[in-house]
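What follows is the residue order along each chain.
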Amino acid sequence: MMSGSEGHVAEFYRGRHILVTGGTGFMGKVLVEKLLRSCPELERIYLLMRPKKGQDVSKRLDELVNAPIFDWLKQHHPEQLKKLTSVCGDITKPVLGLSEQHQRMLQAEVSIVFHSAATVKFDEALRQSVAMNLQGTKTLTQLCLNFPKLEAFVHVSTAYCNCDRQEVHEVIYAPPADPEKIIQCVEALDQDILDSMTDKIIKNRPNTYTFTKALAEHVLLKQSAHLPIAIIRPSIVTASWKEPMPGWVDNLNGPTGLLAGAGKGLLRTILCHRNKVADLIPVDMAINLMITVAWHLATIRPNRLLIYNCTSGSSNPIYWRDLEKWGQQFLVTHPFSNVLWYPGGSFKSSWLINKMCVYAFHFTPALIMDTISLLSGQKPIMLRIQDKVQKAVTCLEFFTTHEWQFMNDNMTQLLADMHPDDRDEFDFNVSALNWESYIESYVLGTRKYIIKDDMKTMDSAKKHLRRMYWVHRFSQLLILALGWHVIRSGKLTTLGYNILSHILNFINLPSLPRSK
């Protein structure tokens, strides 16, 4: 509901003009919706947008407000949506690609900046990652030096920008490289040469995303001498906990892709150490922290850079084994429509065993299905889909096989210092989150917003799942019979025995007794 609290945060935003970059992204949408709903007296939100796919920025704004996340506002307070103004620009261009008129407008009005624009692709080319995550941040801060009313600049980083350290505090660590030299290097090198040198440039960082995010923090550290800056470092951002509706998500990044792939029966094995912490943070908690931090930064006016690790692991940990267990449980309780196979499988701690299972249970069935499609005159697609799935899963392996201890003292202290009404309206209390019920709403949200399954299809989906269950069990019996035949024939080698035992364990059948 629209805020009517006696707290301080919503009142702080009264009459404010706010600039948001990345407003069409996952976090950006939640930020814009929350500001309009819970800070109803704000004056205007400027959304930096670039034309895309033949659409000008006004069309993109119309597309944005037609997203399901804005349904409540459209129904109850449509006048709030009139406070959104699209500003044509590009974070990768000089002066953000802004016209002189838009520059003057922003300089005259803006007092709060939320910078969430970034490329979050783990396999992004270094040139593009530097342009958006590093150079874009530098350009925006330079522009903000000419904002006389600016009281808060809130930047979205990532908890994993310091993933070379096991324990991460809310401080700026030594950069993996000199930001200016990296910008110069990217500008000077040919694309093919840059691509071939990327691994050497990013060194011990797993991808260009974490590398450029770490460099951007050093740009902000330098500019914090002149600007009021705070950095928010979320861990793995997942579907909403409560706002604007439970389970809302609009992309396949991270665990969402795992749930979608497993729910459809496409994903049955991934490399993951199940006993390590999966540091998840619901998107609405990260957004509530951002909005509160801007208020806090403008109110206390510190003479230093503020950093907030927006994480759950040190306060209320969830482990990968929990996601595996509850994910499978609720994917069966709330099945997707027309699943290709019965949801199942497991996480693997061994790279070799996982690779064997990928070929046995992902690519082999895909090859069979594509062969059938070719013979029946249909277009084969399953191998191509599996290839995309495996590329996406491989990008996650660094994060599913490592563990970090993120200190979030600033986050917990800010929550403790808030007015009770503000704590209710802008809730980021991770300790209050029940992970089991959250994973259930996450599965339902993935079903509704990613798979696009209407709740009316649930009964038919359950009937189809029951059929696929018996198909799954029949295939297990065939594998068991084949394995028993091989054993009785006496042709099973030690290596073959081990492989077959792992396969039987994978399909949840008893391991074979070792013959003497």
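Residues numbered from 1 in each chain as written. Predicted model: local features only at pLDDT ≥ 70, side-chain atom pairs only at ≥ 80, totals over all residues. Heavy atoms only, no water.

## A look at the overall build of the protein chain
- For the protein chain, the helix and strand inventory stands at 19 helices and 13 strands.
- Computed over its C-alpha atoms, the radius of gyration of the protein chain comes to 25 Å, within 12% of the 24 Å expected for a compact globule of 516 residues.
- Projecting the C-alpha coordinates of the protein chain onto the three principal axes gives extents of approximately 85 × 50 × 50 Å.
- Sequence separation of 24 or more characterises 83% of the internal contacts of the protein chain that already satisfy a separation of 6 or more.
- Entry remark: accessible area of the protein chain is about 23,700 Å², with carbon and sulfur atoms responsible for 54%.
- A distance of 8 Å separates the average location of the 57 positive side-chain charges in the protein chain from that of its 49 negative side-chain charges. (Helix = DSSP H or I, 4+ residues; strand = E, 2+ residues; numbered from the N terminus. Rg over C-alpha atoms; globule rule 2.2 N^0.38 Å. Contact = heavy atoms within 4.5 Å. Areas by Shrake-Rupley, 256 points an atom, 1.4 Å probe, with all protein chains shown as cover. Lys, Arg positive; Asp, Glu negative; His and termini not counted. Charge placed at Lys NZ, Arg CZ, Asp CG, Glu CD.)

## A look at the environment of Lys 462
- Inspection of the secondary structure puts Lys 462 in helix α18 (residues 458-488).
- Considering only alpha carbons, one finds Lys 462 and Asp 279, 183 residues apart in sequence, at a separation of 31 Å.
- Not counting residues up to four positions away in its chain, the partners in contact with Lys 462 are Thr 333 and Pro 335.

## Some remarks on the packing of helix α2 (residues 26-38) against helix α11 (residues 283-300)
- The geometry of α2 relative to α11 is characterised by a closest axis approach of 9 Å and an angle of 60 degrees between their N-to-C directions. With respect to their mutual orientation, α2 and α11 come out oblique. Here the hand of the crossing between α2 and α11 comes out right-handed. In this structure, α2 contributes Phe 26, Met 27, Val 30, Leu 31, Lys 34 and Leu 35 to the contact, and α11 contributes Val 283, Asp 284, Ala 286, Ile 287, Asn 288, Met 290 and Ile 291.
- Grouping the constituent residues of the contact of α2 with α11 by class yields ten nonpolar, one polar and two charged. (Axes fitted to C-alpha atoms, helices over the stretch in contact; angles between N-to-C directions. Parallel < 35°, antiparallel > 145°, perpendicular 65-115°, else oblique. Left-handed = near helix turned anticlockwise from the far one by under 90°. Nonpolar A, V, L, I, M, F, W, Y, C, P; charged D, E, K, R; others polar.)

## Looking at the sheet that holds strand β7 (residues 229-234)
- An order of β3-β2-β1-β4-β5-β7-β11 is seen for the seven strands of this open sheet, with the pairing classed as parallel. Two strands in the sheet have a free side with no partner beyond their single neighbour: β3 (84-88) and β11 (306-310). For this sheet the average axis-to-axis angle between neighbouring strands, irrespective of direction, equals 20 degrees.
- Two elements, β7 and β11, share five bridges in a ladder whose sense is parallel. For Arg 233, the partnering residue across the bridge sits in β11 and is Asn 309.
- The strands touched by α11 are β4 (112-115), β5 (152-156), β7 and β11; relative to β11, the strand with the most contacts, the crossing angle is about 165 degrees. (Pairing = 2+ DSSP bridges.)

## A look at the packing of aromatic side chains
- The tally for this structure, following the rule as stated, stands at 16 aromatic pairs.
- Through a chain of ring-to-ring contacts, three or more aromatic side chains come together here, namely Phe 122, Tyr 160, Tyr 209, Phe 398, Phe 399, Trp 404 and Phe 406.
- Here the guanidinium or amino end of Lys 34 rests over the ring plane of Phe 426, the centre of that ring lying 5.0 Å away.
- Lying across the ring of Trp 241, Lys 242 places its NZ or CZ 4.3 Å from the centre. (Phe/Tyr/Trp six-rings, centres within 6.5 Å; stacked < 30°, edge-to-face > 60°. Lys NZ or Arg CZ within 6 Å of the ring centre and 35° of its normal.)

## Notes on the UniProt feature "domain: Fatty acyl-CoA reductase C-terminal" (unreviewed entry) in the protein chain
- The residues that UniProt annotates with the feature "domain: Fatty acyl-CoA reductase C-terminal" (unreviewed entry) are residues 361-453.
- Across residues 361-453, helical content stands at 70% and strand content at 2%; the span's end C-alpha atoms are separated by 25 Å. (UniProt positions renumbered as here; feature names shortened; annotations may be inferred.)

## As for the domain arrangement of the protein chain
- Domain boundaries assigned for the protein chain yield domain 1 (9-248 + 278-318 + 403-427) and domain 2 (457-515).
- Computed over C-alpha atoms, the centres of domain 1 and domain 2 are 48 Å apart. (Domains from an automatic or database assignment.)

## Focus on the side chain of Asp 453
- Within the secondary structure layout, Asp 453 lies in the loop between α17 (435-450) and α18.
- Buried charge without a salt bridge: Asp 453, with Arg 447 as the nearest opposite-charge side chain at an N-O distance of 4.1 Å.
- A distance of 2.7 Å separates a polar side-chain atom of Asp 453 from the backbone nitrogen of Ser 337.
- Apart from residues no more than four positions distant in its own chain, Asp 453 is found in contact with Phe 336, Ser 337, Arg 447 and Lys 448. (Buried < 20%, exposed > 50% of the residue type's maximum accessible area, 1.4 Å probe, protein only. Salt bridge = Lys/Arg side-chain N within 4 Å of Asp/Glu carboxyl O. Polar contact = N/O pair within 3.5 Å; in protein donor to acceptor, adjacent residues only side chain to side chain.)

## What about the pattern of salt bridges?
- As enumerated under the stated definition, the model contains 17 salt bridges in all.
- A salt bridge links Arg 14 to Glu 11; the shortest N-O distance between them is 2.8 Å.
- Judged by relative accessible area, which is 45%, Arg 14 ranks as partly exposed.
- Put simply, Glu 217 and Arg 233 hold a salt bridge, and the shortest N to O gap is 2.8 Å. Of the two residues, Glu 217 sits in helix α9 (residues 208-223) while Arg 233 sits in strand β7, which places them 16 residues apart along the sequence. In this structure, Glu 217 and Arg 233 share a single accessibility class: buried.
- Each of the salt bridges in this network shares a partner with another, and the network as a whole consists of Glu 33, Lys 34, Arg 37, Glu 243 and Glu 425.

## As for unusual backbone geometry
- A cis amide bond links Glu 243 to the next residue, Pro 244, at an omega of -5 degrees.
- For Arg 301, which is not glycine, the phi dihedral falls at a positive 45 degrees.
- Relative to the elements of secondary structure, Arg 301 occurs in the loop between α11 and β11.
- One non-glycine residue with positive phi stands out, namely Asn 338, at about 55 degrees.

## Observations concerning the nonpolar core
- Core analysis: the largest hydrophobic core is formed by 105 residues, its most contacted members being Tyr 13, Leu 35, Ile 45 and Phe 114.
- A total of twelve residues in this core trace back to one element, the largest contributor, which is α11.
- Excluding anything up to four places from it in sequence, Tyr 13 contacts Ile 18, Leu 35, Cys 39, Glu 41, Leu 42, Phe 114, Ile 291, Ala 294 and Trp 295.
- If you look at the next biggest cluster of nonpolar residues, it comprises 23 residues, including Val 87, Leu 96, Leu 106 and Ile 231. (Core = buried A, V, L, I, M, F, W, Y, C linked by side-chain atoms within 4.5 Å.)

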